[in-house]
Amino acid sequence: MNDDDNFKQLVLANTREWNGFWFWRDKPVGERGAARNILEEAGVQVDGLTSLDQDPPDCEATLDGQFSGIEVTELVHRATLERSIKAVRQRSRGEEPQKPEAYFVWDRDDLIPVLQALLVVKNSAKLKRSYERYVLVIHTDEFFLDSDNVERFLKGASFNTSLITHAFLGLSYEPGKGYPVFPLELVRS
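Residues numbered from 1 in each chain as written. Predicted model: local features only at pLDDT ≥ 70, side-chain atom pairs only at ≥ 80, totals over all residues. Heavy atoms only, no water.

## A look at unusual backbone geometry
Definition in use: Counting from the N terminus, the helices are the DSSP runs of H or I reaching at least four residues and the strands are the DSSP runs of E reaching at least two.
The phi dihedral of Asp 64 is positive, around 50°, even though this residue is not glycine. Structurally, Asp 64 is set in the loop between β2 (59-63) and β3 (66-74).

In structure tokens:
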């Protein structure tokens, strides 16, 4: 095998068959990659980003000069993802899937409660250290969560938080727009 073949094998071994833009099977590597990319796209200066063996948080870094804990999580419609992965795997074996690949059609009434639920879960973390910032990075590759829809859905939305000080929703790459990132409006409770 040449270097190109080795690289392709490495990528195939670490990616997911569907909705996999941010996904990497080596979880710490994937978390660091998503965190760095999304935070830098949001204009945050990221220094010394490292994964932690015992989380929460998933990572630590100095963000804009402040020692910060960083949680990284995926926003995905799990049932649709599992259906689509099953269909892709069946096709790869030469079988006709019982149900074809699918996309969940997100709307505002779906997105806002899911984002709040992610914040609730991450706000319940028992941290082993204290941080100047505790940041939640949410990444998604959902087809119907493009920058135009997300901007419209988030307009006027705010989210309750206690532990999380900053939260960002990062989308997969869009031609002409790069990696759209949306800071979430947080209200401390």
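Let us keep going from here.
## Regarding the pairing of strand β4 (residues 133-140)
Here is the rule: Here the term buried applies to any residue with accessible area under 20% of the maximum for its type, exposed to any over 50%, and partly exposed to those in between, with areas from a 1.4 Å probe on protein chains only. Strand pairing requires that DSSP identify at least two bridges connecting the strands.
For β4, the tally of buried residues reaches eight of eight residues, placing the bulk of the element in the interior. Alternating residues of β4 divide into Arg 133, Val 135, Val 137 and His 139 and Tyr 134, Leu 136, Ile 138 and Thr 140, and every residue in both groups is buried. Bridge count for β3 against β4 is seven bridges, and the pairing is parallel. In the strand pairing of β4, Gly 69 is matched with Tyr 134. Across six bridges, the pairing between β4 and strand β6 (residues 166-171) is parallel. Looking at β6, one finds that His 139 is bridged to Gly 170.

## Overview of the environment of Leu 186
Its place among the elements puts Leu 186 in strand β8 (residues 186-188). Taking the C-alpha atoms as reference points, Leu 186 and His 166, 20 residues apart in sequence, are found 7.2 Å from one another.

## Quick notes on the packing of aromatic side chains
Quick reminder of the rule: Stacked, edge-to-face and tilted labels apply to pairs of Phe, Tyr and Trp rings (six-membered ring for Trp) whose centres lie within 6.5 Å, assigned for plane angles under 30 degrees, over 60, and everything in between, in that order.
Under the counting rule described, the total for this entry stands at three aromatic pairs. Consider the rings of Tyr 173 and Tyr 179, whose centres lie 5.4 Å apart with planes at 65°: the pair is edge-to-face. Classification of Tyr 179 as partly exposed rests on a relative accessible area of 25%. Taken together, the ring pairs in this structure connect Phe 67, Tyr 131 and Tyr 134 into an aromatic cluster.

## Concerning the pairing of β2
Successive residues of a regular strand alternate their side chains across the two faces of the sheet. Of all the five residues making up β2, four are buried; the element is thus mostly covered by neighbouring parts of the structure. Looking at chain direction, β2 and β3 are connected through five bridges and run antiparallel. Residue pairing for β3: Thr 62 is matched across the bridge by Phe 67.

## Considering the environment of Ser 124
Let me state the cut-off plainly: A 3.5 Å cut-off defines polar contacts: any pair of N or O atoms within that distance qualifies, except that in protein one atom must be a possible hydrogen donor and the other a possible acceptor, and neighbouring residues in sequence count only when both atoms are side-chain atoms.
Within the secondary structure layout, Ser 124 lies in the loop between α4 (108-123) and β4. For the pair formed by Ser 124 and Ile 164, sequence separation is 40 residues and the distance between their alpha carbons is 9.5 Å. Within the local environment of Ser 124, its side chain forms a polar contact with the backbone oxygen of Val 121, the two atoms lying 2.6 Å apart.

## So, the side chain of Lys 122
The cut-off we apply is this: Any two residues having at least one pair of non-hydrogen atoms within 4.5 Å are treated as being in contact.
Residue position: Lys 122 is located in helix α4. If we ignore the near neighbours within four places in the chain, the residues touching Lys 122 are Glu 71, Thr 73, Tyr 134, Leu 136, Leu 163 and Ile 164.

## Considerations on the packing of α4 against helix α5 (residues 147-154)
Our working rule: Axis lines are fitted to C-alpha atoms, over the contacting stretch for helices. Their N-to-C directions set the angle, which ranges from 0 to 180 degrees. Here roughly perpendicular refers to angles of 65 to 115 degrees, roughly parallel to angles under 35, roughly antiparallel to angles over 145, and oblique to all remaining angles. Classification convention: Asp, Glu, Lys, Arg as charged; Ala, Val, Leu, Ile, Met, Phe, Trp, Tyr, Cys, Pro as nonpolar; all other residues, Gly among them, as polar.
As a packed pair, α4 and α5 sit with axes 10 Å apart at the nearest point and diverge in direction by 70°. Compared by their axis directions, α4 and α5 come out roughly perpendicular. Taken together, the residues of α5 that come into contact with α4 (itself represented by Arg 108, Leu 111, Ile 112 and Leu 115) are Arg 152, Phe 153 and Leu 154. By residue class, the composition of the contact of α4 with α5 is five nonpolar, no polar and two charged.

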